[in-house]
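Single-letter residue listing:
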Amino acid sequence: MKPHDEIPAPPATGLGTIQVTEVGGGGVTFVSDSENGSITFSGQAPGMTSRMNGLKITTVAIEGHRAVVRLRR
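The present account deals with the structure reproduced in this document. Predicted model, so just to flag it, every value in this text is computed and none were measured. (Residues numbered from 1 in each chain as written. Predicted model: local features only at pLDDT ≥ 70, side-chain atom pairs only at ≥ 80, totals over all residues. Heavy atoms only, no water.)

### Points about the overall build of the protein chain
And then number 1: Check the secondary structure of the protein chain and you find zero helices and seven strands.
And then number 2: Counted from the first residue to the last, the protein chain has its helices and strands arranged as β-β-β-β-β-β-β.
And then number 3: Against the compact-globule benchmark of 11 Å for 73 residues, the protein chain has a radius of gyration of 11 Å, which places it among compact chains.
And then number 4: For the C-alpha atoms alone, the extent of the protein chain along its principal axes is close to 30 × 20 × 15 Å.
And then number 5: Taking all 73 residues of the protein chain together, the buried fraction comes to 34%.
And then number 6: Look at the contacts in the protein chain between residues 6 or more apart in sequence, and 25% of them connect residues 24 or more apart.
And then number 7: Taken together, the 7 basic and 6 acidic charged side chains of the protein chain have centroids lying 12 Å from each other. (Helix = DSSP H or I, 4+ residues; strand = E, 2+ residues; numbered from the N terminus. Rg over C-alpha atoms; globule rule 2.2 N^0.38 Å. Buried < 20%, exposed > 50% of the residue type's maximum accessible area, 1.4 Å probe, protein only. Contact = heavy atoms within 4.5 Å. Lys, Arg positive; Asp, Glu negative; His and termini not counted. Charge placed at Lys NZ, Arg CZ, Asp CG, Glu CD.)

Here is the structure:
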């Protein structure tokens, strides 16, 4: 993933598209609109997992301005 990439969220999560807004030494920033408003996670370093409405987003690795992420429900 790189900045401005979008990930379609599974419909059952109630999330809209998840956008990667930043990737770099400070981690990865994810933003998504949900049924209840906007959700933002910033500074997610490799090995960290965030949860958005039951969707687990794990940052696996960061190389320059690209990140490898894993999504699980």
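### Section: the pattern of salt bridges
And then number 1: Under the definition given, this model contains one salt bridge.
And then number 2: Salt-bridge contacts for K2 lead to D5; the nearest nitrogen and oxygen are separated by 3.3 Å. (Salt bridge = Lys/Arg side-chain N within 4 Å of Asp/Glu carboxyl O.)

### Focus on the side chain of Q44
And then number 1: Among the secondary structure elements, Q44 is positioned in strand β4 (residues 37-44).
And then number 2: By relative accessible area, which is 1% here, Q44 ends up buried.
And then number 3: A distance of 2.9 Å separates polar atoms of two side chains, one belonging to Q44 and the other to T59. (Polar contact = N/O pair within 3.5 Å; in protein donor to acceptor, adjacent residues only side chain to side chain.)

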